[in-house]
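Residue-level structural notes
So the chains spell out like this:
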Amino acid sequence: MIKTSFKELLTYPQIKQLSKLLKIDYHSYPSVLNFQQYLGLFQFFKEHNSRKKEMVIGAETRLRRQEAQMVKTYRTKRGQQ
């Protein structure tokens, strides 16, 4: 649900305000949002949440660093005959 997905980034009043502005049902899932709604969500976040931006900035780099440190087991059929 959108309400639970964005609870770390937006306050409940902000989620309600955003749902009215973008005509989003905040009980639905983020996968039902169209491109314009995602763009509006990004604009809203950019303008209203300067304190929470640190959570988002560098997230991809942190994720790639974590994945690089993971031990991965590759399973193939080669050598199992």
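Residues numbered from 1 in each chain as written. Predicted model: local features only at pLDDT ≥ 70, side-chain atom pairs only at ≥ 80, totals over all residues. Heavy atoms only, no water.

Looking at the overall build of the protein
- The secondary structure content of the protein amounts to five helices and zero strands.
- Along the protein, helices (α) and strands (β) appear in the sequence α-α-α-α-α when read from the amino end.
- Every one of the 81 residues in the protein was classed for burial, and the buried ones make up 23%.
- Considering only intrachain contacts with a sequence separation of at least 6, the fraction spanning at least 24 residues in the protein is 51%.
- Summed over all atoms, the accessible surface of the protein reaches about 7,100 Å², with 55% contributed by carbon and sulfur. (Helix = DSSP H or I, 4+ residues; strand = E, 2+ residues; numbered from the N terminus. Buried < 20%, exposed > 50% of the residue type's maximum accessible area, 1.4 Å probe, protein only. Contact = heavy atoms within 4.5 Å. Areas by Shrake-Rupley, 256 points an atom, 1.4 Å probe, with all protein chains shown as cover.)

Thoughts on the packing of helix α2 (residues 12-22) against helix α3 (residues 35-48)
- It is at 11 Å that the axes of α2 and α3 come closest, and there the two elements cross at 140 degrees. By the criterion of interaxial angle, the relationship of α2 to α3 is oblique. Our pair here, α2 against α3, has a crossing hand that is right-handed. Counted together, Gln-14, Gln-17, Leu-18, Leu-21 and Leu-22 of α2 and Gln-37, Gly-40, Leu-41, Phe-44 and His-48 of α3 form the full contact between these two elements.
- Of the residues assigned to the contact of α2 with α3, the class counts are five nonpolar, five polar and no charged. (Axes fitted to C-alpha atoms, helices over the stretch in contact; angles between N-to-C directions. Parallel < 35°, antiparallel > 145°, perpendicular 65-115°, else oblique. Left-handed = near helix turned anticlockwise from the far one by under 90°. Nonpolar A, V, L, I, M, F, W, Y, C, P; charged D, E, K, R; others polar.)

As for the nonpolar core
- By size, the foremost hydrophobic cluster in this structure holds twelve residues: Ile-2, Phe-6, Leu-10, Ile-15, Leu-18, Leu-22, Ile-24, Tyr-26, Leu-33, Leu-41, Phe-44 and Phe-45.
- Sorting the residues of this core by element identifies α2 and α3 as the ones contributing at least two each.
- Sequence-distant contacts of Phe-6, defined by excluding residues within four places in its chain, comprise Ile-15 and Leu-41. (Core = buried A, V, L, I, M, F, W, Y, C linked by side-chain atoms within 4.5 Å.)

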